[in-house]
Amino acid sequence: NAGVTQTPKFRILKIGQSMTLQCTQDMNHNYMYWYRQDPGMGLKLIYYSVGAGITDKGEVPNGYNVSRSTTEDFPLRLELAAPSQTSVYFCASSYSGGLGGNQPQHFGDGTRLSIL
Amino acid sequence: GESVGLHLPTLSVQEGDNSIINCAYSNSASDYFIWYKQGSGKGPQFIIDIRSNMDKRQGQRVTVLLNKTVKHLSLQIAATQPGDSAVYFCAEWDGGSQGNLIFGKGTKLSVKP
């Protein structure tokens, strides 16, 4: 199994440009997540999804959008890139997330995004 | 707000020694904790987890200890190897129904040969 796959690995954007970060998982996980990691910091949750067709905001959702049309894919969209969105973005998935069924999240290797 | 933090940002150990990485959490209602290892240029990799109804759990060369009285979590790595060099994060489940994790800032472990 490939696990969680993120593309692209690196990207440089100009201010105001838009792009979509791709994430796909082949573990048939219901739960998927997007995080950003700034230098020397832990991960902060942007958006998450508990299943196809369902998404919800995390801690830092402003400037981002997501969709979940299939179980496998969870793309993250930046509409108007800003320098503050320069970060490393990680996608993760888990089998479940609720009480009694907590499972660890499995992460992709990240997309390194620079906004200039 | 509730947060997860780490006592030490960096830790340097000699190869073969045991390593102990500490983590403090502030949400007494937290039910589930995970340790992740993040190598350079990689995503976090699951190491071990523990639920609040346990105080110790062992894996291969790793042990996690949970002290709910003082809200402290530690990761012990036995016979530390150069391949253990990485940043280690503890993560706390925030008690919500969606499995959202709150991550600490990380401790960088360096193993000297």
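As the structure is a computational prediction, the values presented were derived from the model and not from experiment.

Reading the values: the criteria
- Residues numbered from 1 in each chain as written.
- Chains lettered and ligands numbered in written order.
- Predicted model: local features only at pLDDT ≥ 70, side-chain atom pairs only at ≥ 80, totals over all residues.
- Heavy atoms only, no water.
- Phe/Tyr/Trp six-rings, centres within 6.5 Å; stacked < 30°, edge-to-face > 60°.
- Helix = DSSP H or I, 4+ residues; strand = E, 2+ residues; numbered from the N terminus.
- Buried < 20%, exposed > 50% of the residue type's maximum accessible area, 1.4 Å probe, protein only.
- Lys NZ or Arg CZ within 6 Å of the ring centre and 35° of its normal.
- Contact = heavy atoms within 4.5 Å.
- Buried area = accessible area lost by both parts, 1.4 Å probe.
- Polar contact = N/O pair within 3.5 Å; in protein donor to acceptor, adjacent residues only side chain to side chain.
- Nonpolar A, V, L, I, M, F, W, Y, C, P; charged D, E, K, R; others polar.

**Q** I'm lost on the packing of aromatic side chains in this one. Help?
**A** The description of two aromatic rings rests on the distance between their centres and on the angle between their planes. Evaluation of the coordinates by the stated rule reveals nine aromatic pairs over all chains. Between F107 of chain A and Y36 of chain B, the ring centres sit 5.3 Å apart and the planes meet at 90°, which makes this aromatic pair edge-to-face. One end of the pair, F107 of chain A, is in strand β10 (residues 106-107); the other, Y36 of chain B, is in strand β4 (residues 32-38), on a second chain. Neither F107 of chain A nor Y36 of chain B differs from the other in exposure class; each is buried. Ring centres 4.6 Å apart and planes at 50° place the aromatic pair Y25 of chain B and F33 of chain B in the tilted group. A cation over a ring is seen here: R68 of chain A above F74 of chain A, with NZ or CZ 5.9 Å from the ring centre.

**Q** I'm lost on the interface of chain B and chain A in this one. Help?
**A** Of the residues lining the interface, 22 residues belong to chain B; the matching set on chain A comes to 23 residues. Between chain B and chain A lies a buried interface of about 1800 Å² when both sides are counted; carbon and sulfur atoms form 54% of it. Our count for the contact surface shared by chain B and chain A stands at four residue pairs in polar contact (both at pLDDT 80 or more). Looking at the side of chain B that touches chain A, the elements that each hand over two or more residues are β4, β5 (45-51), β9 (86-93) and β10 (101-103) of chain B. Considering every element that reaches the side of chain B that touches chain A, the biggest residue donor is β4 of chain B, with four residues. A class-by-class count of the residues in the side of chain B that touches chain A yields nine nonpolar, eight polar and five charged.

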